[in-house]
Amino acid sequence: MPTKEEIEKVIGWCEKIKKERNRIYVIERNPFRDEIGWMRRFVLIEIDRPKESASKNNLVYDSTIKQLWEYMNGDWRRVEPDFRIQ
């Protein structure tokens, strides 16, 4: 699933959009759908929108803790990099 580099790339993009728009929260179309495999299922990325009011089908970015969240199995969970044992 996600690598640390992919997660950092998405977080960097979210930070850039947040600064450009200068709003309390922002909802943007996901530009990573074709580029990053695990991002295909998210149509939109919601930046700083409370998880309580965010769509469960979208990816949520919380800039206060610089963390991505996805809704899975009835609960919001952090997007974390996979471990690869070699």
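What you see is a predicted model; the values in this text were computed from it and never measured. (Residues numbered from 1 in each chain as written. Predicted model: local features only at pLDDT ≥ 70, side-chain atom pairs only at ≥ 80, totals over all residues. Heavy atoms only, no water.)

Chemist: How do you make sense of the overall build of the chain when you look at a structure like this?
Modeler: In terms of regular secondary structure, the chain is built from 1 helix and 5 strands. Going from the N terminus to the C terminus, the chain shows its helices and strands as α-β-β-β-β-β. The globule rule puts the C-alpha radius of gyration for 86 residues at 12 Å, and the 12 Å found for the chain is close to it. Principal-axis analysis of the C-alpha atoms places the extent of the chain at approximately 45 × 30 × 25 Å. Taking all 86 residues of the chain together, the buried fraction comes to 37%. Sequence-distant contacts in the chain: of pairs separated by 6 or more residues, those separated by 24 or more amount to 34%. Carbon together with sulfur atoms contributes 48% to the accessible area of the chain, which is approximately 5900 Å² in total. Looking at charge distribution, the chain has the averaged site of its 18 positive side-chain charges lying 3 Å from that of its 16 negative ones. (Helix = DSSP H or I, 4+ residues; strand = E, 2+ residues; numbered from the N terminus. Rg over C-alpha atoms; globule rule 2.2 N^0.38 Å. Buried < 20%, exposed > 50% of the residue type's maximum accessible area, 1.4 Å probe, protein only. Contact = heavy atoms within 4.5 Å. Areas by Shrake-Rupley, 256 points an atom, 1.4 Å probe, with all protein chains shown as cover. Lys, Arg positive; Asp, Glu negative; His and termini not counted. Charge placed at Lys NZ, Arg CZ, Asp CG, Glu CD.)

Chemist: Sorry if this is basic, but what is going on with the pattern of salt bridges here?
Modeler: Oppositely charged side chains can pair when the atoms bearing their charge come close. A full pass over the atoms with the stated rule returns 11 salt bridges. Across the pair Glu 20 and Lys 16 runs a salt bridge whose closest N-O atoms are separated by 4.0 Å. Of this pair, Glu 20 and Lys 16 both sit in helix α1 (residues 4-21), 4 residues apart, which is roughly one turn of that helix. Note on Lys 16: relative accessible area 46%, which makes it partly exposed. Between Arg 41 and Glu 70 there is a salt bridge, and its shortest N-O distance comes to 2.3 Å. Of this pair, Arg 41 sits in the loop between β1 (26-29) and β2 (44-47) while Glu 70 sits in strand β4 (residues 67-72), and the two are 29 residues apart along the sequence. (Salt bridge = Lys/Arg side-chain N within 4 Å of Asp/Glu carboxyl O.)

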